[in-house]
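Notes for the structure review
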Amino acid sequence: MKIKSIRGFHDILPESIKRWHFVEDAAKRIFELYGFSEIRIPVLEFTDVFSRSLGTTTDIVEKEMYTFTDRDGSSLTLRPEGTAGIVRAYIENSMHAKSSITKLYYTGMMFRHERPQKGRFRGFYQIGAELIGPQEPSSDAELVVMLWRFFEEIELTPFLVLEISSLGDQNCRPQYKEKLVQYFAPQKEELCEDCQRRLQVNPLRILDCKQKRCKEIAANAPSMLDNLCEECETHFNYVKENLLSVGIPFTINPKIVRGLDYYTRTVFEITTDKLGSQNAVAAGGRYDGLVEELGGPATAAVGFAMGMERIVLLQEIALPEGFQKKVDVFIAYLGEEAKKAAFPLAFNLRKKGVSVETDYGSKSLKSQMKRADKLGANFTFIIGEEELKQGVVKVRDMKESKEEDIKFEDIINLSETFQP
Ligand code: ATP
Ligand code: MG
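So, here's what we can say about the structure. Worth saying up front: this structure is predicted, and the values here are computed from it rather than measured.

The rules behind these values
Residues numbered from 1 in each chain as written. Chains lettered and ligands numbered in written order. Predicted model: local features only at pLDDT ≥ 70, side-chain atom pairs only at ≥ 80, totals over all residues. Heavy atoms only, no water. Salt bridge = Lys/Arg side-chain N within 4 Å of Asp/Glu carboxyl O. Helix = DSSP H or I, 4+ residues; strand = E, 2+ residues; numbered from the N terminus. Buried < 20%, exposed > 50% of the residue type's maximum accessible area, 1.4 Å probe, protein only. 1 Å grid on protein atoms, 1.4 Å probe; cavity = no way out; pocket = protein on both sides within 12 Å on 5 of 7 lines; lining within 4 Å. Points joined across faces, edges and corners; volume = space filled by probe spheres on them. Nonpolar A, V, L, I, M, F, W, Y, C, P; charged D, E, K, R; others polar. Near = heavy atom within 4 Å. Polar contact = N/O pair within 3.5 Å; in protein donor to acceptor, adjacent residues only side chain to side chain. Areas by Shrake-Rupley, 256 points an atom, 1.4 Å probe, with all protein chains shown as cover. Pairing = 2+ DSSP bridges. Expected span 1.5 Å × (residues − 1). Arc of directions from axis to C-beta. Contact = heavy atoms within 4.5 Å. Phe/Tyr/Trp six-rings, centres within 6.5 Å; stacked < 30°, edge-to-face > 60°.

A few words now on the pattern of salt bridges. The full count for this structure, using the stated rule, is 26 salt bridges. In this structure, Asp194 engages Arg197 in a salt bridge whose closest nitrogen and oxygen atoms are separated by 3.3 Å. On the criterion of helical spacing, the pair formed by Asp194 and Arg197 is a turn pair, its members being three residues apart in helix H8 (residues 193–201). On the accessibility criterion, Asp194 (29% relative accessible area) is partly exposed. Within the structure, one salt-bridge network assembled from shared partners comprises Asp59, Glu62, Lys63, Asp194, Arg197 and Arg198.

Pasting the structure below:
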């Protein structure tokens, strides 16, 4: 029987890795500019880390986590998202004692047991950032601006919309939830089974339901934005003003709920209409209660995460060309002696930063040239018997279709001319 990968898990092959590097490099560059440092945390945590952070009535905790019992009986979970583990690390490493402002970013694989489809996997990659410490709205705004700048950098903003909202806080949200219950209760029978349950445990979740009838009913539900307390209102206005001051385009979508319980105040989503129903590319928000909830000192925080697979898919649409790996020089040789001369030549060129490919066997010149073509080599060096005798290399410029004999000892000094 052939061995196979697990459903919902995928390989990222060398032919697409350039795009991944492009996206990851841009994220790192921009995030570092904004003062963020990378943190690497384990993919496996005690289940509590997630169930206590995300909320027990969320989709992730209810049905998407990869949870299993360890040999000693403890319950472990493969991380479904990054924030909970980062907050755990923040507390465990007493980062709050080192600085009142902590700016972290991460990249890595997340695991959620959901129905695989285009842009939705069970094992997928996220890049995210967390700004822990400040409670002021300019920190929310800075984070959103940084995220948008990243998308500008990889030229995806023409395909994206940024939506923001506020979920209120412990002062105004309970009253709002009450209002929602009053609104939905008379129409309870028409809601889906999940939402009937949500009405009891967390009515906010109904606003996030994907069922048609639930959506229709939710369309006229009271809006959180009309029910914010004064502090939350001031906070939200400040974020909007900051975004306007740097010309970041956004719309207000009072229906943003976010799938996790830990959010307070500002929430945001970046979506696209180019990927079908998997339209969310990045999302985040403020989570002022989480650090304390996990046993740390009361600490404000705001963060986001984005889905790498969806970004790369979008990137393929936006920039279809230009992501093939290119080789600077292919060295073709004929005969054993030429092969031996090619070896140090390749070594020395690579040392100078020129990317070089050669054959390993004794194929015909024609088949070596074919491979040079396939690799997209800019130059092909040909070393045959005649060239060896004269101490030269035949250098062929593949684009211009020009040839020139260059002395062996001169080649290394010319290495810069072989690089794009
Ligand atoms: P969705 O509504 O698509 O399920 P989500 O609200 O569950 O998204 P978040 O938890 O906010 O997603 O995660 C942040 C980002 O990670 C998403 O915007 C998306 O780009 C990506 N993402 C989430 N789940 C998956 C998945 N199963 N496969 C691939 N990417 C994902
Ligand atoms: Mg989801």
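So, next bit.
What follows covers empty space enclosed by the protein. Rolling a probe over the atoms, with the probe sized like a water molecule, indicates the empty space that remains. Within this structure, the stated rule accounts for one cavity of 30 Å³ or more. Considered as a void within the structure, the largest cavity measures approximately 40 Å³ in volume. Along its surface, the largest cavity is lined by Tyr176, Leu207, Ala221, Pro222, Ser223, Met224, Pro254 and Lys255. Residues belonging to the lining of the largest cavity are distributed by class as follows: six nonpolar, one polar and one charged.

Attention now moves to the site of ligand 1. What surrounds ligand 1 is a group of 15 residues, the closest being Arg112, Glu114, Phe121, Arg258 and Ala280. At 2.8 Å, a backbone N or O of Phe121 approaches a nitrogen atom of ligand 1. Gln126 is positioned such that a nitrogen or oxygen atom in its side chain is 3.0 Å from an oxygen atom of ligand 1. With the chains in place, 88% of the 580 Å² that ligand 1 exposes on its own is no longer accessible. Elements with a minimum of two residues in the shell around ligand 1: strand S6 (123–133), strand S10 (280–286) and strand S11 (300–307). If one sorts the elements of the shell around ligand 1 by residue count, S10 sits on top with four residues.

Looking now at the pairing of strand S16 (residues 402–407). Relative to S16, strand S15 (residues 392–397) runs antiparallel, the two sharing six bridges. Paired with Val393 across the bridge in S16 is Ile406. Counting the residues that bridge the hairpin from S15 to S16 gives four residues, and of these Ser401 lies at a positive phi of roughly 50°.

This next bit is on helix H7 (residues 173–184). With 12 residues, H7 ought to run about 16 Å at 1.5 Å a step, and its terminal C-alpha atoms sit 16 Å apart, in line with that. Buried residues of H7: Arg173, Tyr176, Leu180, Tyr183 and Phe184, and no others. All buried residues of H7 project into a common sector of 85° when viewed along the axis, lining one side. Facing away from the buried side of H7 by over 90 degrees, the exposed positions are Gln175 and Gln182. Residues of H7 that are buried sit in contact with H8, helix H9 (212–219) and strand S9 (264–272).

At 3.6 residues per turn, the α-helix brings residues three or four places apart onto the same side. Regarding H9, the residues found buried are Cys214, Ile217 and Ala218. Projected down its long axis, H9 carries its buried residues within an arc of 100°, all on one side. In the core, the buried residues of H9 are packed alongside H7 and H8.

Applying the stated rule across the entire model yields 13 aromatic pairs. Pairing Phe31 with Tyr105 gives two aromatic rings, centres 5.6 Å apart and planes at 70°, and the pair type is edge-to-face. Of this pair, Phe31 sits in helix H1 (residues 14–33) while Tyr105 sits in strand S5 (residues 102–111); the two residues are 74 residues apart in sequence, bridging distant segments of the chain. Judged by relative accessible area, Phe31 falls into the buried class, the value being 0%. Residue classification places Tyr105 among the buried positions, given a relative accessible area of 2%. An aromatic cluster of three or more residues is present, and its members are Phe31, Tyr105, Phe150, Phe151 and Phe304.

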